[in-house]
Amino acid sequence: QPRRVQGWGVTEGESMASTLRPYLNCVRSTLDAALCLRNFPSQTVERHNKPEVEVGGSKELLLNPILICRTEKERCLIEPSVNSVRVSIEIKQADDIEEVLCHKFTRFLMQRADQFIIMRRKATEGYSISFLVTHAHLEKMWKEKLIDFVIQFMEDIDKEISAMKLAVNARARIVATEFMKEFVS
Amino acid sequence: VTRGFRRSLPMAAEDMACVSARAAEVDGLLAQKKALDALIKSLEQPPLSSKDQAVKKASQEVVFKVFAAVEDKDITATTDGLQDISLHELLLKYVYAGLASPRPPLPPGDAKQSDIDAVLQIQRKWSATMLKWHSVILAKTGPGGAVRAMADRKTVLTN
């Protein structure tokens, strides 16, 4: 049984690849601007340090959220604040199979969120997956590499889901062929 | 870039009449194929202080019309024509507004898949145009333009 089929899905082609690069470049440069974070202890609770974008209490600490849409179904929301940035991604899901695969795959990743360090355990409302980057992360990791990771993630997840869909269809075809052989004399 | 340039943008409170008048003028200039003049006209008197979402949306529509009218190959030339640096940053804010609103809107959920695919295709074209504008203008303003689009309290973005 073929395990994996590499490359883009058969339905997508040149037109997909050509607009993906500018979309990722836009997300990259916007993240570059948004990831200017500093330590900011909580103003409301003593000795606490919370990511302000998650608390959402004080308006003066939150910046304007930026939404970068490729289509209504494929977009990226960047919510900056003074000490944290939340990046939410809605992955392209063209049909029912991709929807199921995307849901299962993102659930798998989000259950292992602490391995990814910057991943959020639950995606923001209306999106497939979210990242939460705080000033503490930027103190330990290089900002450029972090942005590279997020962009690479966005690229690879599309490829993964296309590959999984091809694998599902290939396996289904083989199973159906084997099953039907029973009825052929 | 000094802070002095901000005073060149008039902080007049906007209302629909102003925006409609500007829309009419921009339409006229676009009909005469004067894309650069239309762009400069559409960026005049942005409704930065306005709390009315309808006014902000209408102002965005005026700029979006110019975006759609300019050919992809002319984008660099048109932005080079904008001499005023403060306009570059305002333009970047409008580009982010354009990226946030895919058009045309999707038909309701029970529409045929082929209809939805057709609309998605047009939305991709719009986003491709917006992304081109974004890369050209960001090259001019540098990352500071993006930072100000996020940090400015008075923006042209709707809530």
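Residues numbered from 1 in each chain as written. Chains lettered and ligands numbered in written order. Predicted model: local features only at pLDDT ≥ 70, side-chain atom pairs only at ≥ 80, totals over all residues. Heavy atoms only, no water.

### As for the overall build of chain A
Inference 1: Along chain A, the regular secondary structure elements total six helices and four strands.
Inference 2: Starting at the N terminus and walking to the C terminus, you meet the elements of chain A as α-α-β-β-β-α-α-β-α-α.
Inference 3: Buried residues in chain A amount to 48% of all 185 residues.
Inference 4: Taking the contacts inside chain A whose residues are at least 6 apart along the sequence as the reference set, 61% of them involve residues at least 24 apart.
Inference 5: Of the roughly 10,600 Å² of accessible surface on chain A, 54% is carried by carbon and sulfur atoms. (Helix = DSSP H or I, 4+ residues; strand = E, 2+ residues; numbered from the N terminus. Buried < 20%, exposed > 50% of the residue type's maximum accessible area, 1.4 Å probe, protein only. Contact = heavy atoms within 4.5 Å. Areas by Shrake-Rupley, 256 points an atom, 1.4 Å probe, with all protein chains shown as cover.)

### Considerations on the sheet that holds strand E2 (residues 74–80) of chain A
All names here are of chain A.
Inference 1: One open sheet accounts for four strands, arranged E1-E2-E3-E4; its pairing is antiparallel. On the outer flanks of this sheet lie strand E1 (66–71) and strand E4 (129–134), each paired with one strand and no other. Going across the sheet, the axis of each strand differs from the next one's by a mean of 10 degrees, ignoring polarity.
Inference 2: Bridge count between E1 and E2: five bridges; the pairing is antiparallel. Counted as the bridge partner of Ile 68 is Cys 76 from E2. (Pairing = 2+ DSSP bridges. Axes fitted to C-alpha atoms, helices over the stretch in contact; angles between N-to-C directions.)

### Structural notes on helix H5 (residues 85–100) of chain B
Residues three or four positions apart in an α-helix share a direction because the helix packs 3.6 residues into each turn.
Inference 1: End to end, H5(B) covers 24 Å across 16 residues, agreeing with the expected 22 Å (1.5 Å per residue, within 8%).
Inference 2: Within H5(B), 14 of the 16 residues are buried, leaving the element largely enclosed by the surrounding structure. (Expected span 1.5 Å × (residues − 1).)

### Points about the confidence of the model for chain A
Inference 1: Looking at chain A, pLDDT values average 89 and 90% of them are 70 or higher.
Inference 2: This model gives residues 1–16 of chain A a pLDDT under 50, and the stretch forms 18 contacts once residues within four places in sequence are excluded. (pLDDT = per-residue confidence, 0-100.)

### Section: the pairing of strand E3 (residues 84–90) of chain A
Moving residue by residue along a regular strand, the side chains alternate between the two faces of the sheet.
Residues and elements named next belong to chain A.
Inference 1: Of all seven residues in E3, seven are buried, a share of seventy percent or more.
Inference 2: In E3, alternate side chains face the same way, and those of Ser 84, Arg 86, Ser 88 and Glu 90 on one face and Val 85, Val 87 and Ile 89 on the other are all buried.
Inference 3: Sheet topology places E2 next to E3; six bridges connect them, and they run antiparallel. Directly across from Glu 79, in E3, lies its bridge partner Arg 86.
Inference 4: The hairpin formed by E2 and E3 contains three residues between the paired strands.
Inference 5: Of the strand pairs in this sheet, E3 and E4 are connected by six bridges, and their pairing is antiparallel. Note on E4: the bridge partner recorded for Ser 84 is Thr 134.

### A short note on the pairing of E2(A)
All names here are of chain A.
Inference 1: Burial within E2 is extensive, with seven of its seven residues counted as buried.
Inference 2: Every second residue of E2 is oriented toward a common face, with Glu 74, Cys 76, Ile 78 and Pro 80 on one face and Arg 75, Leu 77 and Glu 79 on the other, all of them buried.
Inference 3: Linking E1 back to E2 in an antiparallel pair, the connection comprises two residues.

### Quick look at the interface of chain A and chain B
The extent of an interface is frequently quoted as the accessible surface area lost upon association of the parts.
Inference 1: Tallying the contact residues gives 25 residues for chain A and 25 residues for chain B.
Inference 2: Roughly 2,100 Å² is buried in total at the junction of chain A and chain B, and carbon and sulfur atoms are behind 65% of that figure.
Inference 3: The interface formed by chain A and chain B includes zero salt bridges.
Inference 4: On the surface where chain A and chain B come into contact, there are twelve residue pairs in polar contact (both at pLDDT 80 or more).
Inference 5: For the side of chain A that touches chain B, the secondary-structure elements that each account for two or more residues are helix H1 (14–34) and E1 of chain A. (Buried area = accessible area lost by both parts, 1.4 Å probe. Salt bridge = Lys/Arg side-chain N within 4 Å of Asp/Glu carboxyl O. Polar contact = N/O pair within 3.5 Å; in protein donor to acceptor, adjacent residues only side chain to side chain.)

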